[in-house]
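Each chain is listed here by its residues.
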Amino acid sequence: MQLIQNTADLSAYLAADEVIDHDHPLVVETAARLASGAEDSYAYARAAYEFVRDRIPHSADAGDPRVTWRASDVLERRTGICHAKAHALAALLRAEDIPTALCYQRLADDDGAGHLVHGLVAVRFDGAWHRQDPRGNKPGVDARFSLGGERLAWIPDPESSEMDYPVLYAEPHPAVLGALKAAPDRPSLWKTLPTAL
């Protein structure tokens, strides 16, 4: 699949904003701590990915009803769904000058009765974008950081109307962000997250 930047300006994928607030002290401190043990930007990107994947539980897996959406809040509260975890990883990567985009998949929901939009990131190394899924592993899910071929949590099944969206966003998709910001809790969020983009 050909990944498509929604803006040609690469600096947009390094920017801080309300959601990817990599200028927040907690993001800065977390990035500095992770960077202190990394010999280069590749090692840092892997460390940041593994930190978000493994140290911040996916709120559905953990049974946590709280909804987070701002990167610093995800790091502080240590919880979030895929989109929130993608925001946190994007902030940590951008804090160390690694261009990072937000991207999405359309997947069948767990009971197969409908679809949901799943959030990922893409990092830019060596002139190319590489998608990563920091959702968090569990039985049947084994996502890994990889620059040599995707190791995502799920591969969409076109026969089930699943798909990869090729657009790389510098900011969260408005439909996703709107649902996250409006939801009082995770059970409510499941009812309002977009089913397609």
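First, a word on scope: everything that follows refers to the structure included in this document. (Residues numbered from 1 in each chain as written. Predicted model: local features only at pLDDT ≥ 70, side-chain atom pairs only at ≥ 80, totals over all residues. Heavy atoms only, no water.)

A short note on the layout of surface pockets
Logical step 1: Here the largest pocket defines a volume of roughly 490 Å³.
Logical step 2: Considering the residues around the largest pocket, the lining is formed by 23 residues, among which Ala 108, Asp 109, Asp 110, Leu 116 and Trp 190 are closest to the centre.
Logical step 3: For the lining of the largest pocket, the residue count by class is twelve nonpolar, five polar and six charged. (1 Å grid on protein atoms, 1.4 Å probe; cavity = no way out; pocket = protein on both sides within 12 Å on 5 of 7 lines; lining within 4 Å. Points joined across faces, edges and corners; volume = space filled by probe spheres on them. Nonpolar A, V, L, I, M, F, W, Y, C, P; charged D, E, K, R; others polar.)

With respect to the pairing of strand S4 (residues 128-132)
Logical step 1: Counting buried residues along S4, four of its five residues qualify, which places the element largely inside the surrounding structure.
Logical step 2: Inspection of the sheet shows strand S3 (residues 115-125) paired to S4 by five bridges, in the antiparallel sense. Counterpart to Ala 122 in the pairing with S4 is Arg 131.
Logical step 3: Here S3 hands over to S4 after two residues, with Asp 126 in that stretch at a positive phi of 55°. (Buried < 20%, exposed > 50% of the residue type's maximum accessible area, 1.4 Å probe, protein only. Helix = DSSP H or I, 4+ residues; strand = E, 2+ residues; numbered from the N terminus. Pairing = 2+ DSSP bridges.)

Examining helix H1 (residues 25-36)
Logical step 1: Between its terminal C-alpha atoms H1 stretches 16 Å, which fits the 16 Å expected from twelve residues at 1.5 Å a residue.
Logical step 2: Looking only at H1, the buried set comprises Val 27, Thr 30, Ala 31 and Leu 34. Projected down its long axis, H1 carries its buried residues within an arc of 100°, all on one side. The outward face of H1, more than 90 degrees from its buried face, is lined by the exposed residues Pro 25 and Ser 36.
Logical step 3: For H1, the secondary structure elements touched by its buried residues are helix H2 (41-55), helix H4 (71-77) and helix H5 (82-95). (Expected span 1.5 Å × (residues − 1). Arc of directions from axis to C-beta. Contact = heavy atoms within 4.5 Å.)

Concerning the state of the cysteines
Logical step 1: Tallied over the full model, the rule gives zero disulfides.
Logical step 2: The thiol of Cys 82 is unpaired, and the distance to the nearest cysteine sulfur, on Cys 103, comes to 11 Å. (Disulfide = S-S within 2.5 Å.)

Everything listed here is a matter of coordinates, which is why it stays silent on function.
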